[in-house]
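# Per-entry structural report
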Amino acid sequence: MEHGTIKGKILTEVTARVHSPSLTSDLRPWCLKLVSGGQVGQTFPLGDSVVVGREHGVDVQLPEASVSRRHCHLYRKRGGYWVTDLGATNPTRVNGMQVTATPILDGDLLRCGDLDLKLLGPRNADNPIDQPASNPQARDPLTGLATRQQFREATEAAFEDSRKGNAYSLLVLDVDHFKHINDRFGFSAGNRVLGALGKLLRDQCRGEEFAGRIGGEEFALLLPGTAKQEAMRFSERLRQSIAAQELMEDGEPMTFTASFGVAVVRATDGSADVFYGRADAALYEAKRLGRNRVVAFPDG
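Quick caveat: nothing in here was measured; it's all calculated off a predicted structure. (Residues numbered from 1 in each chain as written. Predicted model: local features only at pLDDT ≥ 70, side-chain atom pairs only at ≥ 80, totals over all residues. Heavy atoms only, no water.)

## What to know about the sheet that holds strand E2 (residues 31-36)
Read across the sheet, six strands follow the order E3-E2-E12-E11-E8-E9 without closing on themselves; strand pairing throughout is antiparallel. Sheet topology places strand E3 (43-45) and strand E9 (97-98) at the edges, where each strand pairs with a single neighbour. As judged from the two bridges shared by strand E8 (residues 93-94) and E9, these two strands associate in the antiparallel manner. Directly across from arginine 93, in E9, lies its bridge partner glutamine 98. (Pairing = 2+ DSSP bridges. Helix = DSSP H or I, 4+ residues; strand = E, 2+ residues; numbered from the N terminus.)

## Let's talk about the sheet that holds strand E5 (residues 60-61)
Here five strands make up an open sheet; going across it, the order is E5-E4-E6-E7-E10 and the pairing mixed. Each having just a single partner strand, E5 and strand E10 (101-104) make up the two edges of the open sheet. Bridging between strand E6 (residues 72-77) and strand E7 (residues 80-85) involves six bridges; their strand directions are antiparallel. By the bridge assignment, leucine 74 is partnered in E7 with valine 83.

## Looking at the pairing of strand E14 (residues 210-213)
With four bridges connecting them, E14 and strand E15 (residues 218-224) associate as antiparallel partners. Counted as the bridge partner of phenylalanine 210 is leucine 222 from E15. Counted along the chain from E14 to the antiparallel partner E15, the turn is four residues long.

## Notes on the layout of surface pockets
Leftover empty space is mapped by rolling, across the atoms, a probe with the size of a water molecule. Empty space within the second largest pocket amounts to approximately 620 Å³. Taken together, 25 residues make up the lining of the second largest pocket; nearest its centre are Tyr75, Lys77, Arg78, Trp82 and Pro103. Looking at the lining of the second largest pocket, the elements that each hand over two or more residues are E6, E7, E10, strand E13 (168-175), helix H2 (178-185) and helix H5 (272-288). Class assignment of the residues belonging to the lining of the second largest pocket gives a composition of 11 nonpolar, four polar and 10 charged. (1 Å grid on protein atoms, 1.4 Å probe; cavity = no way out; pocket = protein on both sides within 12 Å on 5 of 7 lines; lining within 4 Å. Points joined across faces, edges and corners; volume = space filled by probe spheres on them. Nonpolar A, V, L, I, M, F, W, Y, C, P; charged D, E, K, R; others polar.)

## Some words on the packing of aromatic side chains
Following the criterion strictly, the structure yields two aromatic pairs and no others. Between tryptophan 30 and tyrosine 81 the ring centres are 5.4 Å apart and the planes differ by 65°, which places this aromatic pair in the edge-to-face class. Here the residue tryptophan 30 occupies a position in the loop between strand E1 (8-10) and E2, and tyrosine 81 occupies one in strand E7, the gap between them amounting to 51 residues. Here the two residues tryptophan 30 and tyrosine 81 agree in accessibility, since each one is buried. Measuring from ring centre to ring centre gives 5.9 Å for phenylalanine 151 and phenylalanine 210, while their planes differ by 25°; the resulting arrangement is stacked. Of this pair, phenylalanine 151 sits in helix H1 (residues 148-162) while phenylalanine 210 sits in strand E14, and the two are 59 residues apart along the sequence. Owing to a relative accessible area of 0%, phenylalanine 151 belongs among the buried residues under this scheme. The residue whose ring lies beneath arginine 278 is phenylalanine 297, and the NZ or CZ to ring-centre distance is 5.8 Å. (Phe/Tyr/Trp six-rings, centres within 6.5 Å; stacked < 30°, edge-to-face > 60°. Buried < 20%, exposed > 50% of the residue type's maximum accessible area, 1.4 Å probe, protein only. Lys NZ or Arg CZ within 6 Å of the ring centre and 35° of its normal.)

## What to know about H5
If you check H5, its first and last C-alpha atoms are 25 Å apart, about what 17 residues at 1.5 Å a residue would give, namely 24 Å. Along H5, 13 of the 17 residues are buried, which leaves the element largely enclosed by surrounding structure. One or two steps after H5, the chain reaches glycine 290, where phi turns positive at roughly 125°. (Expected span 1.5 Å × (residues − 1).)

## Points about the confidence of the model for the protein
Averaged over every residue, the pLDDT of the protein is 88; the share at 70 or more is 89%. When mean pLDDT is compared element by element in the protein, strand E11 (residues 109-112) scores highest at 98, while E1 scores lowest at 46. Contacts from residues 1-20, a stretch scored under 50 in pLDDT, to residues over four places away or in other chains number 47 contacts. (pLDDT = per-residue confidence, 0-100. Contact = heavy atoms within 4.5 Å.)

## Some words on empty space enclosed by the protein
One pass over the full model with this rule turns up one cavity of 30 Å³ or more. Estimates place the volume of the largest cavity at around 40 Å³. His73, Tyr75, Phe178, Lys179, Asn182 and Asp183 are the residues that line the largest cavity. Taken together, the residues of the lining of the largest cavity break down into two nonpolar, two polar and two charged.

## Quick look at the side chain of serine 169
For serine 169, the position within the fold is in strand E13. Judged by its relative accessible area of 0%, serine 169 is buried. Looking at serine 169, its side chain comes within polar contact range of the main-chain oxygen of threonine 226, at 2.6 Å. Apart from residues no more than four positions distant in its own chain, serine 169 is found in contact with Leu221, Leu222, Leu223, Thr226, Ala227, Lys228, Ala231, Ala263, Val264 and Phe275. (Polar contact = N/O pair within 3.5 Å; in protein donor to acceptor, adjacent residues only side chain to side chain.)

## Let's talk about the environment of leucine 194
Inspection of the secondary structure puts leucine 194 in helix H3 (residues 187-204). On the accessibility criterion, leucine 194 (3% relative accessible area) is buried. Taking the C-alpha atoms as reference points, leucine 194 and glutamate 217, 23 residues apart in sequence, are found 6.8 Å from one another. When neighbours within four sequence positions are excluded, leucine 194 is seen to be in contact with Leu142, Thr143, Val175, Phe178, Arg213, Gly216, Glu217 and Phe219.

Laid out in structure tokens, this is it:
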């Protein structure tokens, strides 16, 4: 069902995924651990976006001839990681299978050239990295928005407040084809896109509205006292503003779009993660329908 000029549809209940990612913060960083070849046992903490390769200046440097200068790219996506091959001479493999772009899970083996690295999640007993001390007031440095942990806390507080009968809507959005932006213009250009999007969201937030960066190119907004239709209209304004942005990169215009998922809190929601999971499911449907659109989960 179309909603006026809104480029979106209401999601049917049966399209929701059974397993949605949680907003729960990581206990400690994810890491890659070298398990064969080179200096076995060496570990590399992972940020939101990591380039693995042989050349100086990459995030995870593997100075082996079998590893390409820029071998692969790992990035946060939907609560976990994805890996993309960067045209390596010896193609990137995950658990022995050659890949171009694929999710990579806790415990999976990543092969770069002749080296094997294991991806270790925050709760993996083999992950040796301690959670670094962090400033709970610090904002995401790239976007100036709330961090994943701060957004989690705000969502949990909103969920508890909703038990008193107060309305909340949750928007989740994801930059469309972000990999293509990085591939075509470079990772610094991708960071410029994220920074510009962060500024737009900061400028658009009013009063008690709360925006955060919850993954690599994933963002979320919490809207107090907002019903679904109003949240969809707000999302559509944001979608149009994002699509109208134009950045210049080496004299070439660079544009981007985003997909949105919308959900309203329900009295039957058992936790903040259930609330978030329905918004995430709507986002998944927006991607499936062709991206650059707003989709809302039904009221139920």
